[in-house]
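Residue-level structure breakdown
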Amino acid sequence: MSLINTEIKPFKASAFHNGKFVDLTEADVKGKWSIFFFYPADFTFVCPTELGDMADLYPEFKKLGVEVYSVSTDTHFVHKAWADASDTIKKITYPMIGDPTGAITRNFDVMIEEAGLALRGTFVVNPEGQIKVAEIHDLGIGRDASELLRKVKAAQYVASHPGEVCPAKWQEGAETLKPSLDLVGKI
């Protein structure tokens with residue numbers, strides 16, 4: 001079963017955010033666009049490259065009204081220790097959620113049960129709490145935050161322009177499509 005258009009499940013978690021520990025629930029997510037960015041573990045190899053890439057583009061996501069939540073099965077304490085030890089992680093200003101029980105990771109169906117770690121799962125959630133984009137990578141394949149930014153812009157465009165869709169490689173300001181009988185066989 002696909003998670004697309006399903007509502008995120010209730011959760012309660014602690015996060016490391018801007019030098020502090022904060023508590024978060026699904027209620028904190030509703031009312032704005034959000035990204036849940038799952039990764040296997042702190043103090044690893046591909047993960048800091050992804051989280052650093054996301055940190056670099058975080059201001060662009062914020063301009064779009066999007067909050068980013070990175071999630072691993074580490075604790076929020078480990079997130080703090082990683083930020084203290086790594087210049088790449090130190091630059092992160094989005095919340096880093098600790099999910100040591102794996103509840104959130106299982107809610108998004110990205111848990112590797114035998115390892116107790118998350119797959120590289122990326123989910124874009126609309127202000128109503130519905131998942132609009134779901135992408136899951138194998139552990140060895142890193143993600144590109146600029147491609148995710150394009151997908152968020154497309155999801156926001158489609159949400160605010162009923163009856164229009166964004167074709168492949170759509171970029172902000174580019175032409176969209178209005179599906180109709182007249183378009184059948186002409187694309």
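Read on for an overview of the structure. (Residues numbered from 1 in each chain as written. Predicted model: local features only at pLDDT ≥ 70, side-chain atom pairs only at ≥ 80, totals over all residues. Heavy atoms only, no water.)

1. A look at the overall build of the protein
- In terms of helices and strands, the protein carries 6 helices and 9 strands.
- Computed over its C-alpha atoms, the radius of gyration of the protein comes to 17 Å, within 12% of the 16 Å expected for a compact globule of 187 residues.
- When its C-alpha atoms are laid out on the principal axes, the protein stretches across 55 × 30 × 30 Å.
- For the protein, buried positions account for 43% of its 187 residues.
- If you take every contact in the protein between residues at least 6 apart in sequence, the share linking residues at least 24 apart comes to 65%.
- For the protein, the exposed area adds up to about 9600 Å²; of that, 56% sits on carbon and sulfur atoms.
- Taken as two groups, the 20 positive and 26 negative side-chain charges of the protein have centres that lie 3 Å from each other. (Helix = DSSP H or I, 4+ residues; strand = E, 2+ residues; numbered from the N terminus. Rg over C-alpha atoms; globule rule 2.2 N^0.38 Å. Buried < 20%, exposed > 50% of the residue type's maximum accessible area, 1.4 Å probe, protein only. Contact = heavy atoms within 4.5 Å. Areas by Shrake-Rupley, 256 points an atom, 1.4 Å probe, with all protein chains shown as cover. Lys, Arg positive; Asp, Glu negative; His and termini not counted. Charge placed at Lys NZ, Arg CZ, Asp CG, Glu CD.)

2. Points about the sheet that holds strand β1 (residues 12–17)
- Sheet architecture is open: 7 strands sit in the order β2-β1-β5-β4-β3-β8-β9, paired in mixed fashion. The open sheet has two edge strands with one neighbour each: β2 (20–25) and β9 (131–137). Strand-to-strand twist in this sheet, taken as the mean axis angle between neighbours without regard to direction, amounts to 25 degrees.
- In this sheet, strand β5 (residues 96–98) lies alongside strand β4 (residues 66–72) in parallel orientation, the contact comprising 3 bridges. (Pairing = 2+ DSSP bridges. Axes fitted to C-alpha atoms, helices over the stretch in contact; angles between N-to-C directions.)

3. Describing helix α6 (residues 145–160)
- The end-to-end C-alpha distance of α6, which contains 16 residues, comes to 23 Å, matching closely the 22 Å that a straight helix rising 1.5 Å per residue would cover.
- Every buried residue of α6 is accounted for by A145, L148, L149, R150, K151, V152, A154, A155 and Q156.
- The inward-facing, buried residues of α6 contact β3 (33–38), α2 (46–63), β4, β8 (120–125) and β9. (Expected span 1.5 Å × (residues − 1).)

4. A few points about the pattern of salt bridges
- Counting across every chain of the model gives 12 salt bridges.
- Residues K62 and E67 are paired through a salt bridge, measuring 3.1 Å at the closest nitrogen-oxygen approach.
- Taking the shortest distance from any N to any O, the salt bridge between D84 and K80 comes out at 2.5 Å. Separated by 4 residues within a single helix, D84 and K80 lie in helix α3 (residues 76–85), roughly one turn from each other.
- By relative accessible area, which is 32% here, K80 ends up partly exposed. (Salt bridge = Lys/Arg side-chain N within 4 Å of Asp/Glu carboxyl O.)

5. Here's the deal with the environment of V71
- Along the chain, V71 falls in strand β4.
- The buried category is assigned to V71, whose relative accessible area is 0%.
- In sequence terms V71 and G102 are 31 residues apart; their C-alpha atoms lie 9.8 Å from each other.
- If we skip the residues at most four places from it in the chain, V71 touches F36, F37, F38, Y39, I97, D99 and T105.

6. Regarding the packing of aromatic side chains
- Tallied over the entire structure, the rule returns 12 aromatic pairs.
- Taking the centre distance of 5.1 Å and the plane angle of 75 degrees together, the rings of F21 and F77 count as edge-to-face. Here F21 is found in strand β2, whereas its partner F77 is found in helix α3, with 56 residues between them in sequence.
- The class for F21 is partly exposed, based on a relative accessible area of 39%.
- By relative accessible area, F77 is classed as exposed at 53%. (Phe/Tyr/Trp six-rings, centres within 6.5 Å; stacked < 30°, edge-to-face > 60°.)

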